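A structural walkthrough
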Amino acid sequence: MRTAVHSDAPRTERTVSRAEWEETVKAHLAKEKKLMRLQDELSAERRRLRAA
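Attention here is on the structure that accompanies the text. Residue positions are counted from 1 within each chain, in the order its sequence is given. For a predicted model such as this one, the threshold for reporting local features is a pLDDT of at least 70, and the threshold for listing and counting side-chain atom pairs is 80 or more; totals across whole chains, interfaces and linings nevertheless cover every residue. Values reported for side chains reflect all heavy atoms of the structure, with hydrogen atoms and water molecules removed beforehand.

Per the convention used, a helix needs a DSSP run of H or I reaching at least four residues, while a strand needs a run of E reaching at least two, with both numbered from the N terminus. Check the secondary structure of the chain and you find one helix and zero strands. Put simply, the radius of gyration uses C-alpha atoms, and a globule should come to 2.2 Å times the residue count raised to 0.38. Relative to the compact-globule value of 10 Å for 52 residues, the chain shows a C-alpha radius of gyration of 19 Å, a clear excess of over 25%. Projected onto its principal axes, the C-alpha positions of the chain cover 55 × 30 × 20 Å. Total accessible area on the chain stands at roughly 5,800 Å², and carbon and sulfur atoms take up 55% of it. Computing the positive centroid from 13 side-chain charges and the negative centroid from 9, the chain places the two 6 Å apart. Areas reported here follow the Shrake-Rupley algorithm with a probe of radius 1.4 Å; residue values treat only the protein chains shown as occluding. Positive charges come from Lys and Arg alone, negative charges from Asp and Glu alone, with His and the N- and C-terminal ends not counted. Where a charge lies is defined by one atom per residue type, namely NZ (Lys), CZ (Arg), CG (Asp) and CD (Glu).

Written as structure tokens, this is what we have:
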């Protein structure tokens, strides 16, 4: 269930071009991919430790 978050802080969103949006999304996806690889490496290391 999602709950609304209300804040008196000013909003920081801005309108960007499609090209800028795509570039930002690609950069974010690259970070997620890197994180997934690190999680896979950590999981493999944990499995090796159990086998020892």
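A few words on the pattern of salt bridges. Once their charged atoms are close, side chains differing in charge can pair, the charge on each being opposite to the other. Throughout this description, the term salt bridge denotes a Lys or Arg side-chain nitrogen within 4 Å of a carboxyl oxygen of Asp or Glu. Counted by the stated rule, this structure contains two salt bridges. The partner of Arg 14 in a salt bridge is Glu 20, with the nearest N and O atoms 2.7 Å apart. For Arg 18, the salt bridge is made with Glu 22, and the minimal N-O distance between the two is 3.2 Å. Of this pair, Arg 18 and Glu 22 both sit in helix α1 (residues 18-51), separated by four residues, roughly a single helical turn. Three labels apply to residues, based on accessible area from a 1.4 Å probe with only protein chains included: buried if under 20% of the type maximum, exposed if over 50%, partly exposed otherwise in between. Since its relative accessible area comes to 60%, Arg 18 is described here as exposed. Owing to a relative accessible area of 33%, Glu 22 belongs among the partly exposed residues under this scheme.

Patch rule: a residue counts if its relative accessible area is over 30% and it has no salt bridge; like charges are joined within 9 Å, and nonpolar side chains (Val, Leu, Ile, Met, Phe, Trp, Tyr) within 5 Å. A grouping of Arg 46, Arg 47, Arg 48 and Arg 50 is seen on the molecular surface, where their side chains present a positively charged patch. With respect to the helices and strands, the residue Arg 46 is situated in helix α1.

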